[in-house]
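Close look at the chain arrangement
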Amino acid sequence: MRIAAGLIFASAVSLCATGAAWSQTPATKSTTAPAATAAPAPPPAATPAPAKAPCANPDALGIGRVVEIDTTGGPGFGFEHFKQLDFLRDKEVVLTFDDGPWPLNTPSVLKTLADECTTGIFFPIGKHSTYYPEILKQVAAAGHTIGSHTWSHATLTNKKLTEDQRKEEIEKGFSAVKWALGASPSPFFRFPALQHPPEMVTYLGTRNIAMFSCDLDSFDFKARNPQQVIDVTMKKLDKLGKGIILMHDFHKHTAEALPALLRKLKADGYKVVQMKAKAPVQTLPQYDEEVLKDAKLPTVSSRPVSSVVQTISE
């Protein structure tokens with residue numbers, strides 16, 4: 001069994017060492033995730049948010065546990081690239097979705113997750129977030145965790161990009177998501193194509209942003225039909241026994257496959273773990289301004305952040 005073994009790099013801080021140990025309290029199996037709390041400014045002062053309605057589906061996949069992540073130092077998750085932190089138990093999964101928001105497909109994914117009273121982490125592209133802010137707001141309203149996937153999905157290992165341009169891709173992505181939501185997202189980041197330039201790994205550590213690879217890739221972007229998404233995912237998952245699953249709410253086949261995939265997860269005894277950040281990302285004003293200027297966006301007044309939770313449930 002893989003065991004949490006330390007830090008991603010020298011400056012990273014262990015979750016347990018920073019007080020973010022994986023503690024749990026009982027939760028109803030088929031209910032939605034616990035309500036998020038709000039943090040207007042660092043350090044965050046959490047206040048309860050209204051509770052969500054109980055799950056109406058008695059056979060729903062639901063949420064097995066909710067865990068809170070202290071992102072101090074930039075921890076990394078997903079054994080494709082990061083080997084240090086493994087909190088998942090056997091038969092536990094984390095559902096993650098890249099490249100949205102997008103019309104039709106993202107709302108379809110949201111409906112399926114709602115029908116199964118379960119949740120995921122969404123890594124939207126900054127530009128897409130400025131195209132369809134209302135869809136991204138639906139993701140947040142449904143209680144899902146939202147991070148970022150760069151501004152334009154540029155491959156950050158591209159040698160033609162300067163270090164400043166790589167940082168800009170990261171920072172503008174978060175700033176664009178913040179603009180779309182009217183609130184800062186979680187400090188969760190996934191590199192395009194899962195390609196991690198070492199200097200950007202170090203940089204994200206200085207920004208206290210957690211990095212997400214995956215344990216298994218559904219390869220839904222290669223799938224010829226929805227069934228292939230299900231078959232590839234379940235074959236890999238059954239071999240590993242647990243893991244962070246990479247999918248794309250951008251793709252039609254993923255949206256079409258998700259209802260059957262979630263039913264299959266439930267039938268085979270898998271449980272979904274919801275990951276939340278201890279505090280929201282702190283975007284940098286210069287990139288907030290650049291996003292407004294470059295995308296010719298209107299100014300949006302901020303509202304309390306809704307992506308921070310303090311209770312961790314099981």
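Below or above, wherever it landed, is the structure these notes cover. Quick caveat: nothing in here was measured; it's all calculated off a predicted structure.

The rules we used
Residues numbered from 1 in each chain as written. Predicted model: local features only at pLDDT ≥ 70, side-chain atom pairs only at ≥ 80, totals over all residues. Heavy atoms only, no water. Helix = DSSP H or I, 4+ residues; strand = E, 2+ residues; numbered from the N terminus. Buried < 20%, exposed > 50% of the residue type's maximum accessible area, 1.4 Å probe, protein only. Contact = heavy atoms within 4.5 Å. Areas by Shrake-Rupley, 256 points an atom, 1.4 Å probe, with all protein chains shown as cover. Pairing = 2+ DSSP bridges. Salt bridge = Lys/Arg side-chain N within 4 Å of Asp/Glu carboxyl O. Right-handed = clockwise from strand over helix to strand, strands pointing away. Disulfide = S-S within 2.5 Å. Axes fitted to C-alpha atoms, helices over the stretch in contact; angles between N-to-C directions. Parallel < 35°, antiparallel > 145°, perpendicular 65-115°, else oblique. Left-handed = near helix turned anticlockwise from the far one by under 90°. Nonpolar A, V, L, I, M, F, W, Y, C, P; charged D, E, K, R; others polar. Phe/Tyr/Trp six-rings, centres within 6.5 Å; stacked < 30°, edge-to-face > 60°. Expected span 1.5 Å × (residues − 1).

Looking only at helices and strands, the protein features 8 helices and 12 strands. Looking at the protein as a whole, 54% of its 314 residues are labelled buried. The contacts in the protein between residues at least 6 apart in sequence include a share of 81% that link residues at least 24 apart. For the protein, the accessible area works out to roughly 13,400 Å², and carbon and sulfur atoms hold 56% of it.

Right, let's talk about the sheet that holds strand E9 (residues 210–212) for a bit. Spatial ordering of the open sheet is given by E4-E9-E8, a layout of 3 strands whose pairing is parallel. A single partner strand is all that each edge strand has here, and the edge strands are strand E4 (76–77) and strand E8 (188–189). Sheet topology note: the E4/E9 ladder contains 2 bridges and is parallel. The partner of Gly 76 across the bridge, within E9, is Met 211.

For side chains of opposite charge, pairing can occur when their charged atoms come near one another. With the rule as written, the count across this model stands at 13 salt bridges. For Asp 86, the salt bridge is made with Lys 242, and the minimal N-O distance between the two is 3.1 Å. Of this pair, Asp 86 sits in the loop between E4 and strand E5 (92–98) while Lys 242 is found in the loop between helix H6 (226–240) and strand E11 (243–248), placing the two residues 156 residues apart along the sequence. Exposure remark for Asp 86: the relative accessible area of 12% places this residue in the buried category. Here Lys 172 ties to Asp 294 by a salt bridge, and the two come within 2.7 Å at their closest N and O atoms. Of this pair, Lys 172 sits in helix H4 (residues 163–181) while Asp 294 sits in helix H8 (residues 285–294), and the two are 122 residues apart along the sequence.

Here we take up the pairing of E11. The buried fraction of E11 is high, at 6 of 6 residues. Here 6 bridges tie E5 to E11, and the two strands are oriented parallel to one another. Bridge pairing in E11 places Phe 97 opposite Met 247. Between the parallel pair strand E10 (residues 216–217) and E11, the chain is carried across by H6, and the sense of this crossover is right-handed.

A separate point is the state of the cysteines. Following the criterion strictly, the structure yields 1 disulfide and no others. Through a disulfide, Cys 55 is tied to Cys 117; the S-S separation comes to 1.8 Å. Measuring the twist about the S-S bond at about 80 degrees, one finds the Cys 55-Cys 117 disulfide to be right-handed. Taken together, the residues span a long stretch of sequence, with Cys 55 in the loop between strand E2 (47–48) and strand E3 (65–69) and Cys 117 in the loop between helix H1 (105–115) and strand E6 (121–123) at a distance of 62 residues.

A separate point is the packing of H4 against helix H5 (residues 198–206). Packing of H4 against H5 leaves a shortest axis separation of 11 Å and a crossing angle of 50 degrees. Here H4 is positioned oblique relative to H5, judged by the angle of their axes. In the packing of H4 onto H5, the handedness of the crossing is right-handed. Contacts between H4 and H5 involve Glu 163, Arg 166, Lys 167, Ile 170 and Glu 171 from the first element and Glu 199, Met 200, Tyr 203 and Leu 204 from the second. For the contact of H4 with H5, a count of residues per class yields 4 nonpolar, no polar and 5 charged.

Turning to the packing of aromatic side chains, a few remarks are in order. Between two aromatic rings, the relevant description is the distance of the centres plus the angle of the planes. Enumeration over the complete set of coordinates arrives at 11 aromatic pairs. Here Trp 102 and Phe 250 contribute two aromatic rings whose centre-to-centre distance is 4.9 Å and whose plane-to-plane angle is 55 degrees, an arrangement assigned as tilted. In this pair, Trp 102 sits in the loop between E5 and H1 while Phe 250 sits in the loop between E11 and helix H7 (252–267), placing the two residues 148 residues apart along the sequence. The class of Trp 102 is partly exposed, set by a relative accessible area of 26%. The class for Phe 250 is partly exposed, based on a relative accessible area of 25%. Taken together, a centroid distance of 5.4 Å and an interplanar angle of 50 degrees make the contact between Phe 123 and Phe 212 tilted. You can see Phe 123 sitting in strand E6 and its partner Phe 212 sitting in strand E9, a full 89 residues away along the chain.

Residue placement: Leu 261 occurs in helix H7. For the pair Leu 261 and Asp 231, spaced 30 residues apart in sequence, the C-alpha separation works out to 8.9 Å. In contact with Leu 261, not counting residues within four places along its chain, are Ile 230, Thr 233, Met 234 and Met 247.

So, on to H4. Here H4 contains 19 residues, and its C-alpha end-to-end distance of 28 Å stays within 8% of the 27 Å for a straight helix at 1.5 Å per residue. Taken from the residues just after H4, Gly 182 is the one with a positive phi, measuring 75 degrees.

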